[in-house]
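Coordinate inspection notes
Each chain is listed here by its residues.
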Amino acid sequence: GVRDKNLGQLKLLNQAIFPVRYQDKFYRDCTSCGDVTQLAYYNDMLVGAIACRMERKEGGEVKLYIMTLGVLPPYRGRGVGTCLLSHSLKEARKDGNI
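Below you will find a few notes about this structure.

Reading the values: rules and limits
Residues numbered from 1 in each chain as written. Predicted model: local features only at pLDDT ≥ 70, side-chain atom pairs only at ≥ 80, totals over all residues. Heavy atoms only, no water. Phe/Tyr/Trp six-rings, centres within 6.5 Å; stacked < 30°, edge-to-face > 60°. Buried < 20%, exposed > 50% of the residue type's maximum accessible area, 1.4 Å probe, protein only. Helix = DSSP H or I, 4+ residues; strand = E, 2+ residues; numbered from the N terminus. Contact = heavy atoms within 4.5 Å. Pairing = 2+ DSSP bridges. Axes fitted to C-alpha atoms, helices over the stretch in contact; angles between N-to-C directions. Parallel < 35°, antiparallel > 145°, perpendicular 65-115°, else oblique. Left-handed = near helix turned anticlockwise from the far one by under 90°. Nonpolar A, V, L, I, M, F, W, Y, C, P; charged D, E, K, R; others polar. Patch = residues over 30% accessible without salt bridge, like charges linked within 9 Å, V, L, I, M, F, W, Y side chains within 5 Å. Areas by Shrake-Rupley, 256 points an atom, 1.4 Å probe, with all protein chains shown as cover. Salt bridge = Lys/Arg side-chain N within 4 Å of Asp/Glu carboxyl O.

To continue, consider the packing of aromatic side chains. Centre-to-centre distance and the angle between the planes together describe a pair of aromatic rings. For the structure on display, the rule yields four aromatic pairs. Seen from their ring centres, phenylalanine 18 and tyrosine 22 are 6.2 Å apart, and the 85° between their planes marks the pair as edge-to-face. Residue classification places tyrosine 22 among the partly exposed residues on the basis of a relative accessible area of 26%. On the numbers, 4.2 Å between centres and 25° between planes, the contact of tyrosine 22 with phenylalanine 26 is stacked. We classify phenylalanine 26 as buried; its relative accessible area is 8%.

Turning to the side chain of serine 88, a few remarks are in order. With respect to the helices, strands and loops of the structure, serine 88 is situated in helix H3 (residues 80-94). Ignoring sequence-local partners within four residues, the contact set of serine 88 consists of Val36, Ile50, Cys52 and Leu64.

Before going further, it helps to examine the sheet that holds strand S1 (residues 38-42). Taken in spatial order, the three strands make up an open sheet running S1-S2-S3, and their pairing is antiparallel. The open sheet has two free edges, formed respectively by S1 and strand S3 (62-71), since each of these has just one partner strand. Averaged over all pairs of adjacent strands, the angle between their axes in this sheet comes to 15°, without regard to strand direction. Examined bridge by bridge, S1 and strand S2 (residues 45-56) share five bridges and lie antiparallel to one another. For tyrosine 41, the partnering residue across the bridge sits in S2 and is leucine 46. With respect to the sheet, H3 is in contact with S1, S2 and S3, its orientation differing from that of S3 by roughly 165°.

Viewed as axis vectors pointing N to C, helix H1 (residues 7-17) and helix H2 (residues 24-32) meet at an angle of 125°, and their least axial separation amounts to 11 Å. With respect to H2, the element H1 is oriented oblique. Considering only the axes of H1 and H2, their crossing is right-handed. Between H1 and H2, the residues in contact are Leu7, Leu10, Lys11 and Asn14 and Asp24, Phe26, Tyr27, Cys30 and Thr31, respectively. Taken together, the residues of the contact of H1 with H2 sort by class into five nonpolar, two polar and two charged.

Okay, a nonpolar patch on the surface next. A contiguous nonpolar surface patch, about 270 Å² in accessible area, is contributed by Ile66, Leu69, Leu85 and Leu89. Contributing elements (two or more residues each) for the nonpolar patch: S3 and H3. In this structure, leucine 85 sits in helix H3. Its relative accessible area of 30% is what places leucine 85 among the partly exposed residues.

This is the structure we're talking about:
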């Protein structure tokens with residue numbers, strides 16, 4: 001999961017992949033939802049990430065919202081994004097509130 005110690009890596013990756021700058025709230029949401037937000041490494045190099053947040057709906061229902069899913073261009077088509085998505089969904093299913 002994304003923690004304070006590796007949050008800077010996620011910020012740099014997002015700058016490289018996406019054409020927008022995300023605000024601090026985006027990154028706070030990433031660190032507050034546990035292991036559904038993940039980083040992907042290839043040979044110890046960060047190559048992708050999935051960033052999620054929890055949204056409370058009326059009636060107390062909680063939904064998992066995928067904010068971003070990105071992989072650096074040279075590593076696309078290798079299943080990295082699929083692994084990230086699968087892992088996040090598996091982690092979300094463990095939580096009976098989602």
